[in-house]
Amino acid sequence: MPSVQLLVLFGSQTGTAQDVAERLGREARRRRLDCRVQELDSYAVVRLDGRAGDPGPDGVGRSEPMQGKRRLGFREPLVIFVCATTGQGDPPDNMKNFWRFIFRKNLPATSLCQLDFAVLGLGDSSYAKFNFVAKKLHRRLLQLGGSALLPACLGDDQHDLGPDAAIDSWLRDLWEKVLGLYPVPLDLAEIPPGVPLPSTFAIQLFQNMPSTVAQEPFVSSLDPHQPPSESQPFLAPMVTNQRVTSPSHFQDVRLIEFDITGSGISFSAGDVVLIQPSNSAAHVQQFCRVLGLDPNQWFTLHPREPGVPCPPGLPQPCSVWHLVTQYLDIASVPRRSFFELLACLSAHELEREKLLELSSATGQEALCEYCSRPRRTILEVLCDFPHSAGAIPPDYLLDLIPRIRPRAFSIASSLLAHPNRVQILMAVVQYQTRLKEPRRGLCSSWLASLDPGQGPIRVPLWVRPGSLAFPESPDIPVIMVGPGTGVAPFRAAIQERVAQGQTGNFLFFGCRWRGQDFYWEAEWQELEKRGCLTLITAFSREQEQKVYVQHRLQELGPLVWELLDRRGAYFYLAGNAKYMPADVTEALTSIFQEHGGLSSPDATTYLGILQRTLRFQMETWA
């Protein structure tokens, strides 16, 4: 391999940016470039005294000794950043430490003068802050002296062919630039696309079950000095699992409670709980049957290259049943890279030909029609290509199929009201496409299927800070807009504030029907009677003209303006990210003009001030 080191760093929330980053890594290795791919927050970008060090407690790195001036630095001369944009222009969780550091005002303008870089962004143009993270990072790297090889690539989920419509041509230009700057020796030929690269791990199979194996997939006895985390979740007993929408309502919404006694978990209003779901036993059995795997077989993983860690959450040794149940996301919709690798591994001529078409740049419309639009799963695709599926070497399973990612839920309760308990409000995801079998969300369907009345059930979970922070002063009122399940974090906030004697709570809640999906109606009414809450409702289907929370805000414009401008209220918004945030912000700017006497530009400026001072906060999801 040539001496030049190519580094690909990614920030990914749902796995798409990681998949693109790994594609970059594969394409680099095919071109005989030495390449490493890793999460942004796992890379030590801080240098002291000119030396890069091991990752420190802040996640962005530390060197020893701790004397000297802290500065930004990369060991590699060429770095490709692959970044998704989440929520309302937010960076993914696994690059937030890097994001905070890179925007420190005291970083010298020459920090990255030795660095060549390129930025590839992933976003959705239906949102106002389309690819905000990639655009802002590209500008910041230029400010710090970096040299951009290309303009930032802005992949768009809304394009008919998805992000690849922009990525394919950008990558062609990127490799031309890179190989021009860092040519490889002429005797190193490019590895053809149809030849599989070595697997990341080698799997050693055992004929018999090892004598010493982990009894539980997750550790239940926690280190008291370490709070539960993704690598060490707490196995929380499920206490209740109650449907809170009427039987006639189109959507099954659950209020689920977990017991966290002895976990060391602590949280405040606005925090989120992460839950690690599992595949169903029926799907696991089907997967093993199609691939010809023995679910009772045991194995150990061995990285093929030094420095590659084994996947977190997989015990060593591990059973095939555990691998497929707890780790491989066989219920996810496969990405293009899945078809590319499966084609490389297939020896069946007709299936290989079709897989090559679906993984090619010219076959993306066919892939979208076959897979993305109907939301066909990995398991279903493998069933459609049985000869190729049955020939997959076990070594390639972890390269072919992504891991199951934890799902985040807003915590819907306060420890002050419900000690040693965590509650969530969860909509069960189910919808129909042209495929016969309904599409189901992995985590929500799994949780909905669990019945604590039939016996003890424990769910792996942990807690992390959310994006909402509430004022500590008892005199500051809060306005909360939470339609549907978006009301969940506000129930936690109201319970917490009421327990602390804070009464300036104004909740705008919206749903379809009072009698079908009015969550916590009795609880809100009781708090109203006690003078602890002002509740404003919008039942969208109970009259001929649909009424939403933004209409109620405008109707109460004088009160909203009074609370924000005269009493220093904080404004919060939570719910679906598609249309509601834009509708609510439009209603607010209208209120600022009509009741505050502001011009349109001044109203926009006023809203910006509220956002910068954290008096306007949002938590939204797709």
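As the structure is a prediction and not an experimental result, all values here were calculated from the model. (Residues numbered from 1 in each chain as written. Predicted model: local features only at pLDDT ≥ 70, side-chain atom pairs only at ≥ 80, totals over all residues. Heavy atoms only, no water.)

J.: Before we go on, may I ask you to explain the nonpolar core in this structure?
T.: Burial of nonpolar side chains together is a common tendency in soluble globular proteins. Ranked by size, the top nonpolar core spans 40 residues in total, and within it Phe287, Leu323, Phe338, Phe339 and Leu382 carry the most contacts. Looking at which element gives the most residues to this core, the answer is helix H7 (residues 336-345), with six residues. Once residues within four sequence positions are removed from consideration, Phe338 is found in contact with Ile378, Val381, Leu382, Leu400 and Ile401. Of all hydrophobic cores here, the second largest spans 31 residues; its members include Leu425, Phe470, Phe518 and Leu527. (Core = buried A, V, L, I, M, F, W, Y, C linked by side-chain atoms within 4.5 Å. Buried < 20%, exposed > 50% of the residue type's maximum accessible area, 1.4 Å probe, protein only. Helix = DSSP H or I, 4+ residues; strand = E, 2+ residues; numbered from the N terminus. Contact = heavy atoms within 4.5 Å.)

J.: Whenever I open this one, the sheet that holds strand S22 (residues 505-511) confuses me. Can you help?
T.: Strand pairing within a sheet occurs via backbone hydrogen bonds; the two strands may be parallel or antiparallel. Read across the open sheet, the five strands follow the order S23-S22-S21-S24-S25; overall the sheet is parallel. Single-partner strands in this sheet number two, and they are strand S23 (534-539) and strand S25 (616-621). Neighbour-to-neighbour, the strand axes of this sheet turn through a mean angle of 10 degrees, independent of strand direction. Across six bridges, the pairing between S22 and S23 is parallel. Paired with Leu507 across the strands is Leu535, a residue of S23. (Pairing = 2+ DSSP bridges. Axes fitted to C-alpha atoms, helices over the stretch in contact; angles between N-to-C directions.)

J.: Which parts of the structure should I look at to understand the environment of Gln543?
T.: Relative to the assigned elements, Gln543 resides in the loop between S23 and helix H17 (549-555). C-alpha of Gln543 to C-alpha of Asn241: the two residues are 302 residues apart in sequence and 32 Å apart in space. Reaching out from Gln543, the side chain makes a polar contact with the backbone oxygen of Phe539 at a distance of 2.8 Å. (Polar contact = N/O pair within 3.5 Å; in protein donor to acceptor, adjacent residues only side chain to side chain.)

J.: I tried to follow the side chain of Thr433 on my own but got confused; where do I start?
T.: The topology assignment puts Thr433 in the loop between strand S18 (430-431) and strand S19 (439-440). Among the polar contacts listed, one links the side chain of Thr433 to the backbone oxygen of Pro374, at a separation of 2.9 Å. In this view, Thr433 contacts Arg373, Pro374, Arg375 and Arg439; residues no more than four positions away in its chain are not counted.

J.: Got a minute to help me understand helix H1 (residues 16-30) in this structure?
T.: For the α-helix, the turn length of 3.6 residues means that residues three or four positions removed from each other point alike. The end-to-end C-alpha distance of H1, which contains 15 residues, comes to 21 Å, matching closely the 21 Å that a straight helix rising 1.5 Å per residue would cover. Within H1, 11 of the 15 residues are buried, which leaves the element mostly enclosed by the surrounding structure. Buried residues of H1: Ala17, Gln18, Asp19, Val20, Ala21, Arg23, Leu24, Gly25, Glu27, Ala28 and Arg30, and no others. Along its buried surface, H1 packs onto strand S1 (5-11), strand S2 (34-39), strand S6 (78-84), strand S7 (116-123), helix H4 (164-181) and H7. Taken from the residues just after H1, Arg32 is the one with a positive phi, measuring 70 degrees. (Expected span 1.5 Å × (residues − 1).)

J.: Just checking my understanding: could you explain the UniProt feature "binding site: FAD" (unreviewed entry) in the protein chain for this structure?
T.: As annotated in UniProt, the feature "binding site: FAD" (unreviewed entry) corresponds to Arg375, Arg407, Ala408, Phe409, Ser410, Gly441, Leu442, Cys443, Ser444 and Trp621 in the numbering used here. Spanning 247 residues, the annotated positions stay apart in the fold, the maximum distance between their C-alpha atoms being 25.8 Å. Topologically, Arg407 is positioned in strand S16 (residues 407-410). Ignoring sequence-local partners within four residues, the contact set of Arg407 consists of Val273, Leu274, Ile275, Pro277, Leu442 and Cys443. Mapped onto the fold, Ala408 is located in strand S16. (UniProt positions renumbered as here; feature names shortened; annotations may be inferred.)

J.: Quick question: what am I supposed to make of the pattern of salt bridges here?
T.: Opposite charge on two side chains lets them pair, provided their charged atoms get close. Using the criterion set out here, one finds 26 salt bridges in the structure. The partner of Glu257 in a salt bridge is Arg421, with the nearest N and O atoms 3.5 Å apart. Residue Glu257 is located in strand S12 (residues 253-259), and its partner Arg421 is located in strand S17 (residues 421-427); the two are separated by 164 residues in the primary sequence. Taking relative accessible area as the criterion, Glu257 reaches 13% and is therefore assigned buried. Note on Arg421: relative accessible area 23%, which makes it partly exposed. We note a salt bridge from Arg434 to Glu369, for which the minimum N-O separation is 3.9 Å. Placement of Arg434 in the loop between S18 and S19 and of Glu369 in helix H9 (residues 364-372) is noted, with a sequence separation of 65 residues between them. You can call Arg434 exposed: its relative accessible area is 53%. (Salt bridge = Lys/Arg side-chain N within 4 Å of Asp/Glu carboxyl O.)

J.: Would you mind showing me how to read the sheet that holds strand S14 (residues 298-303) here?
T.: Here we have three strands laid out as an open sheet, ordered S10-S14-S15, and antiparallel in their pairing. Of all the strands in the sheet, just strand S10 (201-206) and strand S15 (318-319) have a single pairing partner and so form its edges. Pairing analysis gives two bridges linking S14 to S15, with the strands arranged antiparallel. Residue pairing for S15: Phe299 is matched across the bridge by Cys318.

J.: I would appreciate a short explanation of the state of the cysteines in the present structure.
T.: In protein chemistry, a disulfide is the covalent bond that joins the sulfur atoms of two cysteines. Enumeration according to the criterion identifies zero disulfides in this entry. Here Cys368 is not disulfide-linked; the sulfur of Cys371 is the nearest cysteine sulfur, at 9.2 Å. (Disulfide = S-S within 2.5 Å.)

J.: Would you explain the packing of aromatic side chains in this entry?
T.: Taken as a whole and judged by the stated rule, the model has 15 aromatic pairs. Ring centres of Phe339 and Tyr370 lie 6.3 Å apart, and the angle between their planes is 75 degrees; on these two criteria the pair is classed as edge-to-face. You can see Phe339 sitting in helix H7 and its partner Tyr370 sitting in helix H9, a full 31 residues away along the chain. Given a relative accessible area of 0%, Phe339 falls into the buried group. On the basis of relative accessibility, which here comes to 16%, the residue Tyr370 falls in the buried class. (Phe/Tyr/Trp six-rings, centres within 6.5 Å; stacked < 30°, edge-to-face > 60°.)

J.: Is there a simple way to explain the domain arrangement of the protein chain in this structure?
T.: It is common to give the size of an interface as the accessible area lost on bringing the parts into contact. Here the protein chain is partitioned into domain 1 (6-52 + 74-181), domain 2 (234-275 + 407-464), domain 3 (281-400) and domain 4 (478-620). Between domain 1 and domain 2, the C-alpha centre-to-centre distance is 34 Å. (Domains from an automatic or database assignment.)

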